[in-house]
Amino acid sequence: MDRRKFLTYMGTGTAAIVAASSGLGALAPAANAATANHLMDGQPKGKGKPLTAPFKPIERSWENDLLLPKGYHYNIIASYGDVINSRGEKFGDAADLTVYFPIDSLEGGNNSEEGLIWVNHEFPEPENYMNILGINPDTYKKENLAQFPAFLKMQKEAVGGSVIHVKKEKGKWVLVKNDDYNRRVDGTTRIQLTGPAAGSSAVKGAKVVEGSLGNCSGGRTLWNTALSCEENTEYGDDYGWPNFTDEHYGWVMEVDPFNPKAPVRKHTALGRFAHENAAMGQTKDARVVVYMGDDSRGECFYKFVSKKKFNRNNRTANFDILEEGTLYVANLGAQKWIALDYETNEKLQNYEKDGKKFFNSQADVLTYTREAAAAVGATKLDRPEDVEIHPNDGSVFLALTNNSNHGNFHGQIYRFVPGDGDHGSETFTFEVFIAGGQQSGITCPDNLHFDSKGNLWVVEDFGATEDNVYAPYKNCGVFMVPTDGKNYGDPFQFASGPKGCEVTGPWLTPDERTLFVDVQHPETWNPYPGKKFGRSCLVAIQGGAFK
């Protein structure tokens, strides 16, 4: 019995997925990577144009370099600590998301050789900064961080995100230094809260908060701004930041890369949890939808649908579109989206914790979204991370990285089809697009990105050692996975990252001749910028079939 038949027989519930991910090898040694297709709009997949990899796939490697197929090459654009403007602001640490905006985006252009890039900076690396500052890690205690102002400043300036102006010169991508566009949003930036929770008791009355932290992935809006997602809010407490207010973090932040004077905002209407990314699309009646995953074991899959419609003719008319709408959470068993609306949902109104009523308003629901999802019976999933919308058929792909708590070490990617092909529908069907592990050869899928042909680019997130469950997979990789044709669901490895790193944030230029990625937390860190993969950095990949 092959994988496709096995999953068709078992169904697509979580238990079946875990079985397929962790134990199917003994049942089907010759199975292919394609999975159940019986739910996909009534049409079998794999019958379309035969998409094949435009490169010879590479092999898994322990090598401490960014390995690429023959004919491809890379260059580092910016590394942690590089000065990006005349004010002395520096490129942050732990680079994650990249979003490329052609320099002529606001005029409807698609310039693929000059643009602005928003880069997320997920977390600081205090141990490395101690080395730079000469702080003894054996005697340092985080409770005393306030006594080390330079150390605290360094940490807060390492996070958030960067806007940088980049262009191709003599075939190489470079940072345009001291440009007016180049700027930082970091742990000290004043950021506005919008939506129902702003100013509420749930966020301690705040309408403006200090800084952004845990910026993992995100997305690009239809009006050319960047969405940056705050994931692990506990970082502030972990690092001992004084006066840290947890409820001020864990939101989706919006930044206008083209206007340095525009306010940076966190949109509370999209809920508060460990946001991985934000994938934006449209409903049939032109409202905006944002799909989001909560990157933790046993957490949920969400979407936000705006009240206001998208205005494609007036950019500024969309600036408040994420401030009002409905947040939904998925129940996969019922194949329905459940509205997390305090006014209409009795389960939220009546929910108690420790013998007390927990929610008193929509602000409470949005600030404690995980509690709200549990209260309405949402489906708990295995680290729902990146979400992306297929450019051709509108189906929605969700990466579930893993959950070792119940033996799902390798994860899988789900594919959802909205009811009636409308992202505004409250129903959906779904299937397993690919299950990680020995048969597919891919493990722990994390960030996703589509090219124009509908190929899915997938990066991994795991830590391999020579003797753990990930040992056969060696360093984290980048894969191209066709979503149609004879190679439907077959991963082709395109890159292998340096030791200890995640390769994150894949993003193609409009002409698809450059793939931007980040190399995050490489193992061999050094105190000086410029050394090859000595620090987290932004990389441009060119050559081969990208020409």
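Every value quoted in this text rests on a predicted model; they were computed, and no experiment measured them.

**Q** How should I be thinking about the overall build of the protein in this particular structure?
**A** Helix and strand counts for the protein stand at eight helices and 32 strands. Looking at the 547 residues of the protein, the share that counts as buried comes to 62%. Looking at the protein alone, contacts between residues at least 24 apart form 62% of all its contacts between residues at least 6 apart. With the model as given, the accessible surface of the protein reaches about 21200 Å², and the carbon-plus-sulfur share is 47%.

**Q** Sorry if this is basic, but what is going on with the state of the cysteines here?
**A** Two cysteines, two sulfur atoms, one covalent bond between them: this is a disulfide. With the rule as written, the count across this model stands at zero disulfides. Note on C444: no disulfide assigned, nearest cysteine sulfur contributed by C476 at a separation of 7.8 Å. Residue class for C444 comes out buried when judged on its relative accessible area of 0%.

**Q** Can you help me understand the packing of aromatic side chains in this one?
**A** Each aromatic ring pair is specified by the distance between its two centres and by the angle formed by the two planes. Tallied over the full model, the rule gives 41 aromatic pairs. Relative to W457, the ring of F55 has its centre 6.5 Å away and its plane inclined at 40°; by these criteria the two rings are tilted. With F55 in the loop between α2 (14-23) and β1 (72-79) and W457 in strand β27 (residues 456-460), this pair connects stretches of sequence that are 402 residues apart. What links up through ring pairs into an aromatic cluster is the set Y291, F301, W337, Y414, F416, F428 and F430. For the cation-ring pair, K156 lies above W241, with the distance from its terminal atom to the ring centre recorded as 5.3 Å. The ring of Y328 carries the charged tip of K303 above its face, separated from the ring centre by 5.6 Å.

**Q** Whenever I open this one, unusual backbone geometry confuses me. Can you help?
**A** What is expected of a backbone is that most residues other than glycine have negative phi and most peptide bonds are trans. Even without glycine at this site, N178 takes up a positive phi of about 60°. Positive phi values are uncommon outside glycine, yet R383 reaches one of about 55°. With respect to the element layout, R383 can be found in the loop between β21 (381-382) and β22 (384-389).

**Q** What should I look at first to understand the pairing of strand β9 (residues 215-220) in this one?
**A** The side chains of a regular strand alternate, first on one face of the sheet and then on the other. Taking burial as the measure, the six residues of β9 include five buried ones, the bulk of the element. Of the pairings in the sheet, the one linking β9 to strand β10 (residues 226-230) comprises four bridges and is antiparallel in character. Paired with N215 across the bridge in β10 is E230.

**Q** I would appreciate a short explanation of the confidence of the model for the protein in the present structure.
**A** Detailed reading of the predicted coordinates is not advisable wherever pLDDT falls low. When pLDDT is averaged across the protein, the result is 90; 89% of the residues are at 70 or more. In the model, residues 1-44 has pLDDT below 50 throughout and makes 85 contacts with residues more than four positions away in sequence or in other chains.

Procedures and definitions
- Residues numbered from 1 in each chain as written.
- Predicted model: local features only at pLDDT ≥ 70, side-chain atom pairs only at ≥ 80, totals over all residues.
- Heavy atoms only, no water.
- Helix = DSSP H or I, 4+ residues; strand = E, 2+ residues; numbered from the N terminus.
- Buried < 20%, exposed > 50% of the residue type's maximum accessible area, 1.4 Å probe, protein only.
- Contact = heavy atoms within 4.5 Å.
- Areas by Shrake-Rupley, 256 points an atom, 1.4 Å probe, with all protein chains shown as cover.
- Disulfide = S-S within 2.5 Å.
- Phe/Tyr/Trp six-rings, centres within 6.5 Å; stacked < 30°, edge-to-face > 60°.
- Lys NZ or Arg CZ within 6 Å of the ring centre and 35° of its normal.
- Pairing = 2+ DSSP bridges.
- pLDDT = per-residue confidence, 0-100.

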